[in-house]
Amino acid sequence: MKLVKTIEEMRALSNTVHSRGAHLGLVPTMGALHEGHLSLVRAARDKSDTVAVSIFVNPTQFGPHEDFAKYPRNLERDCGLLEREHVDVVFAPSVEDMYPAGAVTWVTVEGMSDRLCGRSRPGHFRGVTTVVSKLFHIIEPDAAFFGQKDAAQVAIIRRMVRDLNMPVSSEVCPIIRESDGLALSSRNAYLNPNERKSALVLYRSLRRAQELFDRGERDPAKLIATGKQEFAKDSAARLDYLEIVDPDSLESISKISKRALIAVAAFVGNTRLIDNIVVDPER
Ligand code: PAF
């Protein structure tokens, strides 16, 4: 496995891969890898000749009062995990290389970037789409692998790829959960034992909404109200949003007549967590 730290070297390597006619799969990450990331790496391994993983804690997707400075970073541990998954290249550039002084150019998916997490984290998705575009330009992957846990991110990146005719296919892999249902997240590491218990409220609220859906309810307002009751039982968790939206446009819907995304975000202590499920009346 090769560890590449500069854009120049990454470009040269990508050119070599493409000149061999090999299929290049990219898993973009911010490090602090867990089984969720590794499931993306395994999907990339299955579908690509060469697998690249980027590790870059992207400053532009964090708000001024968010956890950029304390976000867990351990390149050595991450590289050890990736080596065991037979990853070919790890691209870990510096902030200075990715954002040279005076960088003022952004990629914004208008409208969609202000929905769900974008409403409570202004500028977050603009940071994501900008850095993902940069990674696509530098690495030129044939396919990029993302986790369904960040469902809004997936929808926004897919729209960006379509709108800007980027020659990349975006592959989405299922959420990986702990045995009790908690969705894996690098931010789970912030939780103390009591918060870890409280964090289950996100998944519980989604399950309550899904149970009602399974009994035939198609009114999003009723499903949301049921899910919210779980938060009323747990004072340690503060709901940010629980919404039911179209999974492609992220627009609210007034009746569930096709696939719908039930998405939740909440603060447990100071840690902001997200989770979601997809319901489908045709299944
Ligand atoms: O999902 C993430 O870890 C990040 O948002 C991404 C896609 C690597 C961009 O920084």
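The structure contained in this document is the topic of the report that follows. The structure displayed is predicted, hence computed values, not measured ones.

### Some remarks on the sheet that holds strand E7 (residues 237–245)
One key point about sheets: their strands pair by backbone hydrogen bonds, in either a parallel or an antiparallel sense.
Moving on, step 1. Taken together, three strands build an open sheet; the order of strands is E7-E8-E9 and the sheet is antiparallel. Only two strands of the sheet have a single neighbouring strand rather than two, namely E7 and strand E9 (271–279). Ignoring which end each strand starts from, the neighbouring axes of this sheet average 15 degrees apart.
Moving on, step 2. Two strands pair when backbone bridges link them, and E7 and strand E8 (residues 260–268) are joined in this way by eight bridges, in the antiparallel orientation. Looking at E8, one finds that Glu243 is bridged to Ala263.
Moving on, step 3. Where helix H10 (residues 220–232) meets the sheet, it contacts E7 and E8, and its direction lies at approximately 165 degrees from that of E7.

### Here we look at the side chain of Asn58
Moving on, step 1. Here Asn58 is to be found in the loop between strand E3 (50–55) and helix H3 (75–84).
Moving on, step 2. According to the relative accessible area criterion, Asn58 is buried, its value standing at 0%.
Moving on, step 3. Polar contacts involving the side chain of Asn58 include one to the main-chain carbonyl oxygen of Gly127, which spans 3.1 Å.
Moving on, step 4. Beyond its immediate chain neighbours, meaning those up to four positions away, Asn58 contacts Met30, Phe68, Tyr99, Gly127, Val128 and Val131.

### Digging into the pairing of E3
Moving on, step 1. Taken across its six residues, E3 has six buried, putting it largely inside the fold.
Moving on, step 2. Burial along E3 is two-sided: Thr50, Ala52 and Ser54 and Val51, Val53 and Ile55, pointing in opposite directions, are all buried.
Moving on, step 3. By the bridge criterion, six bridges tie strand E2 (residues 24–29) to E3 in an arrangement that is parallel. Bridge pairing in E3 places Gly25 opposite Val51.
Moving on, step 4. At this point the chain moves from E2, through helix H2 (residues 35–47), to the parallel E3, and the crossover so formed is right-handed.

### So, the site of the ligand
Moving on, step 1. As a matter of local geometry, the ligand sits amid Pro28, Thr29, Met30, Asn58, Gln61, Val128, Val131 and Gln153.
Moving on, step 2. At a separation of 2.7 Å, an oxygen atom of the ligand approaches a polar side-chain atom of Gln153.
Moving on, step 3. Starting from 290 Å² of accessible surface for the ligand in isolation, the protein chains cover 89%.
Moving on, step 4. When contributions to the shell around the ligand are tallied by element, the ones reaching two or more residues are E2 and helix H6 (124–139).

### Remarks on the sheet that holds strand E1 (residues 2–4)
Moving on, step 1. Reading across the sheet, the six strands line up as E1-E4-E3-E2-E5-E6 and stay open at both edges, with parallel pairing between neighbours. A strand with exactly one partner marks an edge of an open sheet, and here the two such strands are E1 and strand E6 (169–173). Shown here is a sheet whose adjacent strand axes are inclined to one another by a mean of 25 degrees, direction ignored.
Moving on, step 2. Both E2 and strand E5 (residues 143–147) contribute to a ladder of two bridges, which runs parallel. From the neighbouring strand, Gly25 faces E5, where its bridge partner is Ala143.
Moving on, step 3. Contacts between H3 and the sheet are confined to E1, E3 and strand E4 (89–91), with E3 contributing the most and set at about 160 degrees to the helix.
Moving on, step 4. Contacts from helix H7 (residues 151–163) reach E5 and E6 within the one sheet, and its direction differs from that of E6 by about 165 degrees.

Rules of the game
- Sequence order as written defines the numbering, with residues in each chain counted from 1.
- With pLDDT at 70 or above as the cut-off, local features in this predicted model cover only qualifying residues; side-chain atom pairs require 80 or more to be listed or tallied, and sums for whole chains, interfaces and linings still use all residues.
- Side-chain descriptors were evaluated using all non-hydrogen atoms of the structure, hydrogens and water having been removed beforehand.
- Pairing between strands requires that DSSP locate at least two bridges from one strand to the other.
- Counting from the N terminus, the helices are the DSSP runs of H or I reaching at least four residues and the strands are the DSSP runs of E reaching at least two.
- Axis definition: a line fit to C-alpha positions, over the contact stretch in the case of helices; interaxial angles, taken between N-to-C directions, run 0 to 180 degrees.
- Contacts: residue pairs with any heavy atoms within 4.5 Å of one another.
- Any residue under 20% of the maximum accessible area for its type is buried, any over 50% is exposed, and the rest in between are partly exposed; the area is computed with a 1.4 Å probe on protein chains only.
- Here a polar contact means two N or O atoms within 3.5 Å. Within protein one must be a hydrogen donor candidate and the other an acceptor candidate, and residues neighboring in sequence count only if both atoms are side-chain atoms.
- Handedness of a crossover is defined as follows: orient the strands so they point away from the viewer, and if the path from the first strand over the helix to the second runs clockwise, the crossover is right-handed.
- In these notes, residues near a molecule or strand are those with any non-hydrogen atom within 4 Å of it.
- Residue exposure ignores everything except the shown protein chains as possible cover, and the areas themselves are Shrake-Rupley values with a 1.4 Å probe.

Any link to function would need more than the numbers given here.
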